[in-house]
Amino acid sequence: MNQEHLQHGVHLHFYCHLRAKHDGMLLSEWLLEQAQHLGFGGGSVFRAIAGFGRHGVLHQEQFFELADDLPVKVEFLLLEDQAELLLQRVRGAGVDATYARSPASFAVLGKH
């Protein structure tokens, strides 16, 4: 029988546009790559069907010309020190993105 090991850490979200690039890569891919290089357990990218950001421009899936620039969210469940490490790397690279962090408790279910 596997026992769950509940960990306490951070739910870290980055918000950007689907086409946003950094260092020649899509920003969402760059963020995932950085987390992978740091040895983190995983991350995910989610595409929105509509949204607007700090510039007030509404992007919706129904508008053909804006469909490739929809908002995306890149998220990670991390320990506090991992979150700080990733944020330091993102800041140091001069990335232009919005992020949010909130406390999180998480565990892996099933076979590890």
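Residues numbered from 1 in each chain as written. Predicted model: local features only at pLDDT ≥ 70, side-chain atom pairs only at ≥ 80, totals over all residues. Heavy atoms only, no water.

## Some points on the overall build of the protein chain
Working step 1: In terms of regular secondary structure, the protein chain is built from two helices and eight strands.
Working step 2: In the protein chain, which comprises 112 residues, the share counted as buried stands at 29%.
Working step 3: Contacts in the protein chain between residues at least 24 apart in sequence constitute 74% of all its contacts with a sequence separation of at least 6. (Helix = DSSP H or I, 4+ residues; strand = E, 2+ residues; numbered from the N terminus. Buried < 20%, exposed > 50% of the residue type's maximum accessible area, 1.4 Å probe, protein only. Contact = heavy atoms within 4.5 Å.)

## A short note on helix α2 (residues 80-92)
Working step 1: If you check α2, its first and last C-alpha atoms are 18 Å apart, about what 13 residues at 1.5 Å a residue would give, namely 18 Å.
Working step 2: Turning to α2, its buried residues number three or more, namely A83, L86, L87 and V90. Looking straight down α2, one finds its buried side chains confined to an arc of 100°; they lie on one side. Relative to its buried face, α2 has exposed residues pointing more than 90 degrees away, namely D81 and G92.
Working step 3: A positive phi of about 70° marks G94, the residue just after α2. (Expected span 1.5 Å × (residues − 1). Arc of directions from axis to C-beta.)

## Concerning the packing of helix α1 (residues 27-37) against α2
Working step 1: Put simply, α1 and α2 touch, their axes get as near as 11 Å, and they point 130° apart. Comparing the axis directions of α1 and α2 gives the class oblique. For the crossing formed where α1 meets α2, the hand is right-handed. Across the interface between the two elements, W30, L31, Q34, A35 and H37 from α1 touch L86, R89 and V90 from α2.
Working step 2: Taken together, the residues that form the contact of α1 with α2 break down as five nonpolar, two polar and one charged. (Axes fitted to C-alpha atoms, helices over the stretch in contact; angles between N-to-C directions. Parallel < 35°, antiparallel > 145°, perpendicular 65-115°, else oblique. Left-handed = near helix turned anticlockwise from the far one by under 90°. Nonpolar A, V, L, I, M, F, W, Y, C, P; charged D, E, K, R; others polar.)

## Notes on the side chain of Q34
Working step 1: If you trace the backbone, Q34 turns up in helix α1.
Working step 2: One polar contact links Q34 to R89, side chain to side chain, over a distance of 3.1 Å.
Working step 3: If we skip the residues at most four places from it in the chain, Q34 touches L86 and R89. (Polar contact = N/O pair within 3.5 Å; in protein donor to acceptor, adjacent residues only side chain to side chain.)

## Some points on the packing of aromatic side chains
Working step 1: Going through the model one piece at a time under the given rule, you end up with two aromatic pairs.
Working step 2: A centroid spacing of 6.2 Å and a plane angle of 40° characterise the contact between F14 and Y99, whose relative ring orientation is tilted. Here Y99 lies in strand β8 (residues 98-106) and F14 lies in strand β1 (residues 7-17), a separation of 85 residues in the sequence.
Working step 3: The rings of F14, F76 and Y99 are connected pair by pair, giving a single aromatic cluster. (Phe/Tyr/Trp six-rings, centres within 6.5 Å; stacked < 30°, edge-to-face > 60°.)

Fair warning: the whole summary comes from geometry, so function is off the table for now.
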